[in-house]
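The residues making up each chain are set out below.
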Amino acid sequence: MRKLFRKNRRSAVQENGREGEEESLPAGWEMKVDSNGRRYYVDHNTRSTSWVRPKPLPALPSGWEQRRDPRGRSYYVDHNTRTTTWQRPTTQNVSEFNEWRRQVSSTQEANRQNLESRYANSNSNDGGGGGGVTSNGGAGGGSSGSAGGATEEPLPPGWEKRTMENGRVYFVNHEHRTTQWEDPRVQIKKASNMPLPPGWEERYTGDGTKYYVDHNTRSTTFQDPRVAISATSSGIQYERSYRWKFGQFRHLCSRASIPTGQIKIAVSRSSVFEDSFNQIINIPPQDLKRRLYISFKGEEGLDYGGLAREWFFLLSHEMLNPMYCLFEYASANNYSLQINPASYINPHHLTYFKFVGRIIALALFHNKYIDKGFTLPFYKRILDKPLTMLDLKSVDEDFYNSLKWVKENDLEECGLELYFAHEFEVLGEVKVHELKPGGEDILVTDENKEEYINLMVSWRFTRGVEDQFKAFLEGFNEIVPIQWLQYFDERELELILVGIQDFDIQDWQAHTIYRNYRRTDKQIQWFWQFVAEISDEQRSRLLQFVTGTCRLPIGGFSELMGSNGAQKFCIEKVGKENWLPRSHTCFNRLDLPPYRSYEVMKEKLLFATEETEGFGQE
């Protein structure tokens, strides 16, 4: 951060009359003030910054020790059990964990005795034979062991075998934090008989450890890729939460990062776009996976992460500015961005799109956020997901309504002549595009209009931007392979890139209007109770569900924009108790039925915001 912050610190504290708050910061922390007078806190231990004031950390429980790994990350060693953890322990959670472990142990012992008794009775009735009981509570025999009490084959590293209260055995994968019924040893045996997926290769390290090379993504892993395929083919499906997906993505980025050295980038605030372009485009992609060290010319400071965040914000604000003609707003009332078909007026536009792809991927790789977001269909194209007619509604409602009319009406009765070709204008020049060879002479009929609609949807999202998007993906893939994002949907990708904001619920309430509801109605009180109780991630999804984006203007909820300019967040009483909430993103309106209980409202709102997809609401 810049040194001038240090000069302003005391004056800012005195002006606010809050000098008493400066005491008892944890060791290695320092409070500073930015140019806008906002306080932030610098952790010199981890070289990171935070807006939240840190609290003094309690002493570690007996037998625990804090250490740091080669990357400077803190971890904690429990000498009592000879285990490690990333989470800082407290006396309370250690005692609670020990109590839980004692309860689990006693339950498993009771289950083991019950099983022993059951099998003993069975053996005495059957005249002997049968499998014994394993040491951790599972019945012997079957695929996991052999009859006669033989020693079980050990589980793979990171796996644990557990038993439910009803005696059913399941397996815990601590590395991925998942559970399953099938024995992982059986999966490995199945996988060993399968060929490796296309593009994969098996190799060995110098000490004889087996690992796998994915030539598709140019990455390596110690996990056999055939095990995941075996689990999927056996019909086992797991629900993966956003946090799990994000954790997996961050793990991939961390594994691919280069811990040694740093990339220094010096830019001027007045020419941040050109300065960044000239440097980033000439740096080998692999080197960009090192730590970024940003400095602004004419300013002294240490980049502990704050300057890098500011650089991504300023750079994305400039490079995505429609004035450069690389991108354009989706429509007059939708300020999400899409590629401008007229970008070719800049003879070097493809190089710039490759640069933009690199920056967007770098923001994802280094866990930073950008200033502006793209349209949801643009994210779907990045993820290589199929586009539908409903995706048009958010970017070109007139075009969507035209195709909807074609789909719902009899063209022969209306006497409308359409052909598999379409005219469009770029910079005053009218061009004709054939949707398929000879399209200008092929008439659209009720029999082939479904093909016509599909071709029109595909063309609308790619018209005049194929080369630009290809260059964007080229730069993007140099940093983050698309395969790393395969678990995300387009809404989750927007959340990762734009970030989850800290919502001011009071500001939200103050700038919300009601229709057929009053502020004192119990449904409205329940709604704000729901907003206060859910997480920031869920608030982002709620805002995205109602307004079409998880981002807020700089002025907060008072500056929300709709189809006709400024449009406040609106809650309207519509529907019956068994209806789901509906949204009208053009008007920032939530249709909230008059539910009779808070529990029902919470269930319906969570389902609507987390499980619905597309712009099919009416």
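Please read these numbers as outputs of a predicted model, since none were measured by experiment.

> Summarise the overall build of the protein; cite the residues concerned and give the values.
Per the secondary structure count, the protein includes 18 helices and 24 strands. Counting all 618 residues of the protein, 42% fall into the buried class. For the protein, long-range pairs separated by at least 24 residues make up 57% of all intrachain contacts whose partners lie at least 6 apart in sequence. When the accessible surface of the protein is totalled, it reaches about 33600 Å², and 48% of it is carbon and sulfur.

> Got a sec to walk through the sheet that holds strand β1 (residues 29–33)? Specific residues and values, please.
Pairing between sheet strands relies on hydrogen bonds along the backbone, with the strands arranged either parallel or antiparallel. Strand order across the open sheet formed by three strands is β1-β2-β3, with antiparallel pairing between neighbours. Taken across any chain shown, the strands that pair with only one partner, and hence form the sheet edges, are β1 and β3 (48–50). When the angles between neighbouring strand axes are averaged without regard to direction, this sheet yields 30°. Pairing of strand β2 (residues 39–43) with β3, which is carried by three bridges, proceeds in the antiparallel orientation. Note that in β3 the partner of Tyr 41 across the bridge is Ser 50.

> Please provide a residue-by-residue account of the pairing of strand β18 (residues 429–434), values included.
As judged from the six bridges shared by strand β17 (residues 421–426) and β18, these two strands associate in the antiparallel manner. Its bridge partner being in β18, Ala 421 is matched across the sheet by Glu 434. In this structure, the hairpin formed by β17 and β18 is closed by a connection of two residues, where Leu 427 is found at a positive phi of approximately 50°.

> Explain unusual backbone geometry to me, and be specific about the residues and the numbers.
The backbone phi angle of Asn 367 is positive, close to 60°, even though this residue is not glycine. A residue is classified by how much of its surface remains accessible, and Asn 367, at 33% relative accessible area, is partly exposed. Despite not being glycine, Asp 384 has its phi angle at roughly 60°, a positive value. Summarising the element assignment, Asp 384 is placed in the loop between α9 (376–382) and α10 (397–408).

> Can you break down the pattern of salt bridges residue by residue, with the values?
Per the counting criterion, the structure on display carries 22 salt bridges. For Arg 38, the salt bridge is made with Asp 34, and the minimal N-O distance between the two is 2.9 Å. Where Arg 162 meets Glu 160, a salt bridge forms, and the shortest distance between an N and an O atom there is 3.2 Å. According to the relative accessible area criterion, Glu 160 is partly exposed, its value standing at 29%.

> Could you give me a rundown of a nonpolar patch on the surface, with the residues and numbers involved?
Taken together, Tyr 344, Ile 345 and Leu 427 make up a surface patch of nonpolar side chains, about 310 Å² in accessible area. By secondary structure assignment, the location of Leu 427 is in the loop between β17 and β18.

> Requested: an account of empty space enclosed by the protein, with residues and values cited.
The full count for this structure, using the stated rule, is two cavities of 30 Å³ or more. For the lining of the largest cavity, the elements supplying multiple residues, two or more each, are β16 (334–339), α9 and α12 (449–462). Considering only residue class, the lining of the largest cavity consists of six nonpolar, three polar and four charged.

> Give me the packing of aromatic side chains: which residues, what numbers.
Considering all chains together, one arrives at 23 aromatic pairs under this definition. Geometrically, the ring pair formed by Phe 273 and Phe 355 is stacked, given 6.0 Å between the ring centres and 25° between the ring planes. With Phe 273 in helix α6 (residues 272–280) and Phe 355 in helix α8 (residues 349–365), this residue pair connects regions lying 82 residues apart in the sequence. Neither Phe 273 nor Phe 355 differs from the other in exposure class; each is buried.

> So what about the sheet that holds strand β12 (residues 219–221)? Which residues, and what values?
Strand order in the open sheet made by the three strands is β10-β11-β12, with antiparallel pairing throughout. For this open sheet the edge positions go to β10 (200–204) and β12, each flanked by a neighbour on one side alone. Strand-to-strand twist in this sheet, taken as the mean axis angle between neighbours without regard to direction, amounts to 30°. When strand β11 (residues 210–214) meets β12, the two strands line up antiparallel, connected through three bridges. Considered in β12, the bridge of Asp 214 is made with Ser 219.

> Kindly report on the pairing of strand β14 (residues 291–296), identifying the contributing residues and their values.
Of the pairings in the sheet, the one linking strand β13 (residues 262–267) to β14 comprises six bridges and is parallel in character. Counterpart to Ile 265 in the pairing with β14 is Ile 294. Between the parallel elements β13 and β14, the chain passes through α6 in a crossover that is right-handed.

> Any chance you could break down the side chain of Gln 338 for me, citing the residues and the numbers?
Mapped onto the elements of the fold, Gln 338 is located in strand β16. Exposure remark for Gln 338: the relative accessible area of 12% places this residue in the buried category. If sequence neighbours within four positions are ignored, Gln 338 has contacts with Phe 327, Glu 328, Tyr 329, Ala 330, Thr 375, Val 395 and Arg 460.

What counts as what
- Residues numbered from 1 in each chain as written.
- Predicted model: local features only at pLDDT ≥ 70, side-chain atom pairs only at ≥ 80, totals over all residues.
- Heavy atoms only, no water.
- Helix = DSSP H or I, 4+ residues; strand = E, 2+ residues; numbered from the N terminus.
- Buried < 20%, exposed > 50% of the residue type's maximum accessible area, 1.4 Å probe, protein only.
- Contact = heavy atoms within 4.5 Å.
- Areas by Shrake-Rupley, 256 points an atom, 1.4 Å probe, with all protein chains shown as cover.
- Pairing = 2+ DSSP bridges.
- Axes fitted to C-alpha atoms, helices over the stretch in contact; angles between N-to-C directions.
- Salt bridge = Lys/Arg side-chain N within 4 Å of Asp/Glu carboxyl O.
- Patch = residues over 30% accessible without salt bridge, like charges linked within 9 Å, V, L, I, M, F, W, Y side chains within 5 Å.
- 1 Å grid on protein atoms, 1.4 Å probe; cavity = no way out; pocket = protein on both sides within 12 Å on 5 of 7 lines; lining within 4 Å.
- Points joined across faces, edges and corners; volume = space filled by probe spheres on them.
- Nonpolar A, V, L, I, M, F, W, Y, C, P; charged D, E, K, R; others polar.
- Phe/Tyr/Trp six-rings, centres within 6.5 Å; stacked < 30°, edge-to-face > 60°.
- Right-handed = clockwise from strand over helix to strand, strands pointing away.

Purely spatial values, then, with no claim about function.
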